[in-house]
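Analysis of the macromolecular model
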Amino acid sequence: MTPAETGTRPRVEGEREQEILAATLEVLAEVGYDLLTMDAVATRAKASKATLYRRWRGKPELVVAAVMCHHSATATVPDTGTLRGDLLAAYCGHGGISDPQAQSVLSAVVTAMGRDPEFAEVYRRDFIGPKVEASRCIYERARERGEVHPDVDLAIVAPALAGIVLHRAFLLGEAVTPELVGRVLDEVILPAALHGPVPPASS
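Before going into details, it helps to say that this report is about the structure given with it.

Calculation notes
- Residues numbered from 1 in each chain as written.
- Predicted model: local features only at pLDDT ≥ 70, side-chain atom pairs only at ≥ 80, totals over all residues.
- Heavy atoms only, no water.
- Helix = DSSP H or I, 4+ residues; strand = E, 2+ residues; numbered from the N terminus.
- Expected span 1.5 Å × (residues − 1).
- Buried < 20%, exposed > 50% of the residue type's maximum accessible area, 1.4 Å probe, protein only.
- Contact = heavy atoms within 4.5 Å.
- Bend = angle between axes of the 7 residues up to and from the residue.
- Polar contact = N/O pair within 3.5 Å; in protein donor to acceptor, adjacent residues only side chain to side chain.
- Salt bridge = Lys/Arg side-chain N within 4 Å of Asp/Glu carboxyl O.
- Phe/Tyr/Trp six-rings, centres within 6.5 Å; stacked < 30°, edge-to-face > 60°.
- Lys NZ or Arg CZ within 6 Å of the ring centre and 35° of its normal.
- Axes fitted to C-alpha atoms, helices over the stretch in contact; angles between N-to-C directions.
- Parallel < 35°, antiparallel > 145°, perpendicular 65-115°, else oblique.
- Left-handed = near helix turned anticlockwise from the far one by under 90°.
- Nonpolar A, V, L, I, M, F, W, Y, C, P; charged D, E, K, R; others polar.

A short note on helix 7 (residues 100-115)
The end-to-end C-alpha distance of helix 7 is 23 Å, a good match for the 22 Å that 16 residues give at a rise of 1.5 Å each. Buried within helix 7 are the following residues: Ala102, Gln103, Val105, Ala108, Val109, Ala112 and Met113. Where helix 7 is buried, its residues meet helix 2 (14-35), helix 5 (59-70), helix 8 (117-144) and helix 10 (160-171).

In structure tokens form, the structure reads like this:
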């Protein structure tokens with residue numbers, strides 16, 4: 001029986017919690033989700049496995065907490081005054097898509113979501129959900145400034161930047177840089193957002 005099942009769960013918090021979460025990200029980036037174990041994290045963090053179970057029910061909750069902690073510095077929705085500036089700030093800052101550790105972690109997370117339904121549920125609820133709302137806020141604010149066409153479907157356009165950049169990174173092997181993000185913005189996202197959907201050709 002794990003300590004989590006005994007009902008005694010003293011809090012692990014503060015600097016010690018941050019050390020454990022940082023160790024979790026290191027192990028995740030190195031070996032991926034499948035090979036990450038509570039034992040491995042405990043060893044890296046110089047903690048006992050019981051200490052981890054006092055704070056987190058299991059691997060899914062621990063990994064999601066670590067990813068969310070890594071992104072906490074960028075939790076505030078950027079407000080630079082332009083759609084381009086906001087998206088660059090969101091995607092190219094600490095923990096953004098151009099952060100090398102974030103890329104390694106994301107690669108592991110995508111694999112985990114396909115193999116572990118429990119992890120996928122927790123990750124979509126606790127991490128992706130707030131990210132989707134933040135992205136929609138950026139686009140809605142830009143729409144009020146006249147940078148986004150009234151007829152643009154934000155459910156399609158808002159995730160497109162991440163989709164294109166991650167395709168180039170994971171499938172084509174390109175390095176993700178602020179310059180790449182800027183090119184995708186200038187050549188695809190911003191024109192699509194400003195001009196709106198193309199009317200169907202008349203027969």
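Focus: helix 8
Each α-helix winds once per 3.6 residues, and so residues spaced three or four apart point in a common direction. For helix 8, built from 28 residues, the straight-helix expectation of 40 Å at 1.5 Å per residue is met to within 8% by its first-to-last C-alpha distance of 38 Å. At arginine 124, helix 8 shows its maximal kink, close to 40°. Looking at helix 8, one finds that the buried residues are Phe119, Ala120, Val122, Tyr123, Phe127, Ser135, Ile138, Tyr139, Arg141 and Ala142. On its buried face, helix 8 is in contact with helix 2, helix 5, helix 6 (83-92), helix 7, helix 9 (154-157) and helix 11 (178-195). For helix 8, the N-terminal cap is aspartate 116; the gap from its side-chain oxygen to the backbone nitrogen of glutamate 118 is 3.1 Å. Just beyond helix 8, the residue with positive phi is glycine 146, at close to 90°.

Focus: the pattern of salt bridges
Taken as a whole, this structure holds 17 salt bridges when the rule is applied. Between arginine 44 and glutamate 30 there is a salt bridge, and its shortest N-O distance comes to 2.8 Å. With arginine 44 in helix 3 (residues 38-45) and glutamate 30 in helix 2, this residue pair connects regions lying 14 residues apart in the sequence. Relative accessible area serves as the criterion here: at 53%, glutamate 30 is assigned to the exposed category.

With respect to the environment of arginine 115
Assignment of secondary structure puts arginine 115 in helix 7. Given the relative accessible area of 58%, arginine 115 is considered exposed. The spatial distance from the C-alpha of arginine 115 to the C-alpha of tyrosine 33 is 9.6 Å, given a sequence separation of 82 residues.

Quick word on the packing of aromatic side chains
Considering all chains together, one arrives at three aromatic pairs under this definition. On the numbers, 4.7 Å between centres and 45° between planes, the contact of tyrosine 33 with phenylalanine 119 is tilted. Placement of tyrosine 33 in helix 2 and of phenylalanine 119 in helix 8 is noted, with a sequence separation of 86 residues between them. Of the residues examined, tyrosine 33 reaches a relative accessible area of 3% and is grouped as buried. Phenylalanine 119 sits in the buried class, given a relative accessible area of 0%. Joined through ring pairs, the aromatic side chains of Tyr33, Phe119, Tyr123 and Phe127 make up one cluster. Sitting above the plane of the tyrosine 33 ring, lysine 59 keeps its charged end 4.3 Å from the centroid.

Description of the packing of helix 2 against helix 3
Taken N-terminus to C-terminus, the directions of helix 2 and helix 3 make an angle of 120°; their axes are 8 Å apart at the nearest point. Compared by their axis directions, helix 2 and helix 3 come out oblique. Where helix 2 crosses over helix 3, the handedness of that crossing is right-handed. Residues Arg16, Glu19, Ile20, Ala23, Thr24, Glu26, Val27 and Glu30 of helix 2 lie in contact with helix 3, whose contacting residues are Ala40, Val41, Arg44 and Ala45. Among the residues forming the contact of helix 2 with helix 3, the class breakdown is six nonpolar, one polar and five charged.

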